[in-house]
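Next come the chains, spelled out residue by residue.
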Amino acid sequence: MVDGAQDRGRFIVVEGGDGSGKGGVIEALSARLGALGHDLLVTREPGGTDEGLKLRELLLSADGAVWDQGAELLLMTAARIQHVKRVIRPALRAGRTILCDRFVGSTLAYQGAGRGISEQLIRGLHRDLVEDLWPDITVLLDVDPRVGLARSRARLGETGLDEGRFEDLDIGFHDRVRAGFLDQARHDAARTLVIDAARAPDAVRADAVAQVMARLEALAA
Ligand code: TYD
């Protein structure tokens, strides 16, 4: 398997259900890593390139409900192909540290566990079209979706963003997404940090920063 360790940079991905607090954790990680002198690239999916942002709009707005789940998978993957080839891989080669809000783990959880698309298909697309690039470290923010969705809907209400299509799906879907993430964490325990994200935001951020620092030191040793 090709992974970020073969490049000079480090590839750190933050995953979790809707409203799990990824944004705050990424801010805290970028503050700490920036202070330590890392050359940082902070990015996200779906998005990460101009063309990816157009796909993000298509996928996440209320109108996005028109996509069949197979089309949804291919559009998420299309955005990731562009992101990896044009942004992530060149940054890793240049020795930068990448902090990415969601990656293929989200596809396995949402389109795989949530929608029921075969994991084999998702992994095959990733292997053949996305250079089989996997994170050096995945930070999984784990929280009961009932808690996460309440946070996420409150934020969407405040910002007026039309990005709530996944939040609108039923709780059974979000329970499957959570289980899908935890399943991945069990299978890739060596590269995944599971953080209890039900706690107060400051505690979650401090825990995530401490655990990522320890893991980066271990990788450098
Ligand atoms: P995001 O902007 O991270 O939303 P939130 O802050 O609410 O977590 O992600 C947008 C949505 O896109 C989120 O509901 C998960 C979904 N998604 C997928 O279904 N598959 C994917 O591969 C990715 C990257 C995101």
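Residues numbered from 1 in each chain as written. Predicted model: local features only at pLDDT ≥ 70, side-chain atom pairs only at ≥ 80, totals over all residues. Heavy atoms only, no water.

Caption draft 1: Region of interest: a nonpolar patch on the surface. On the surface, Leu58, Val66 and Trp67 cluster together to form a nonpolar patch covering roughly 290 Å² of accessible area. Relative to the helices and strands, Val66 is located in the loop between helix 2 (50-60) and helix 3 (69-93). (Patch = residues over 30% accessible without salt bridge, like charges linked within 9 Å, V, L, I, M, F, W, Y side chains within 5 Å. Areas by Shrake-Rupley, 256 points an atom, 1.4 Å probe, with all protein chains shown as cover. Salt bridge = Lys/Arg side-chain N within 4 Å of Asp/Glu carboxyl O. Helix = DSSP H or I, 4+ residues; strand = E, 2+ residues; numbered from the N terminus.)

Caption draft 2: Fine view of the packing of aromatic side chains. Counting across every chain of the model gives five aromatic pairs. Taking the centre distance of 5.6 Å and the plane angle of 90 degrees together, the rings of Tyr110 and Phe166 count as edge-to-face. One end of the pair, Tyr110, is in helix 4 (residues 104-114); the other, Phe166, is in the loop between helix 6 (145-159) and helix 7 (171-187), and 56 residues separate them in sequence. With a relative accessible area of 6%, Tyr110 lands in the buried category. Seen in terms of ring centroids, Tyr110 and Phe173 are 6.1 Å apart; in terms of plane orientation they differ by 55 degrees. Their pairing is tilted. Here Tyr110 is found in helix 4, whereas its partner Phe173 is found in helix 7, with 63 residues between them in sequence. The exposure classification of Tyr110 matches that of Phe173, with both residues buried. Every member of this aromatic cluster is reached through a ring pair, and the members are Tyr110, Phe166, Phe173 and Phe181. The ring centre of Phe103 lies 5.3 Å from the NZ or CZ of Arg80, which sits over that ring. When the ring centre of Phe166 is taken as reference, the NZ or CZ atom of Arg165 above it lies at 4.9 Å. (Phe/Tyr/Trp six-rings, centres within 6.5 Å; stacked < 30°, edge-to-face > 60°. Buried < 20%, exposed > 50% of the residue type's maximum accessible area, 1.4 Å probe, protein only. Lys NZ or Arg CZ within 6 Å of the ring centre and 35° of its normal.)

Caption draft 3: The layout of surface pockets, seen in detail. Each pocket or cavity is described by its volume, and for the largest pocket that value is around 930 Å³. Gly19, Lys22, Asp101, Arg102 and Arg155 are, among the 38 residues lining the largest pocket, the residues nearest its centre. Broken down by secondary-structure element, the contributors of at least two residues to the lining of the largest pocket are helix 1 (22-35), helix 2, helix 3, helix 4, helix 6 and helix 8 (201-220). For the lining of the largest pocket, the class distribution of residues is 12 nonpolar, 11 polar and 15 charged. Lining of the second largest pocket is provided by 19 residues; of these, Trp134, Thr138, Gln184, Asp188 and Thr192 occupy positions nearest its centre. (1 Å grid on protein atoms, 1.4 Å probe; cavity = no way out; pocket = protein on both sides within 12 Å on 5 of 7 lines; lining within 4 Å. Points joined across faces, edges and corners; volume = space filled by probe spheres on them. Nonpolar A, V, L, I, M, F, W, Y, C, P; charged D, E, K, R; others polar.)

Nothing here speaks to function; it is geometry throughout.
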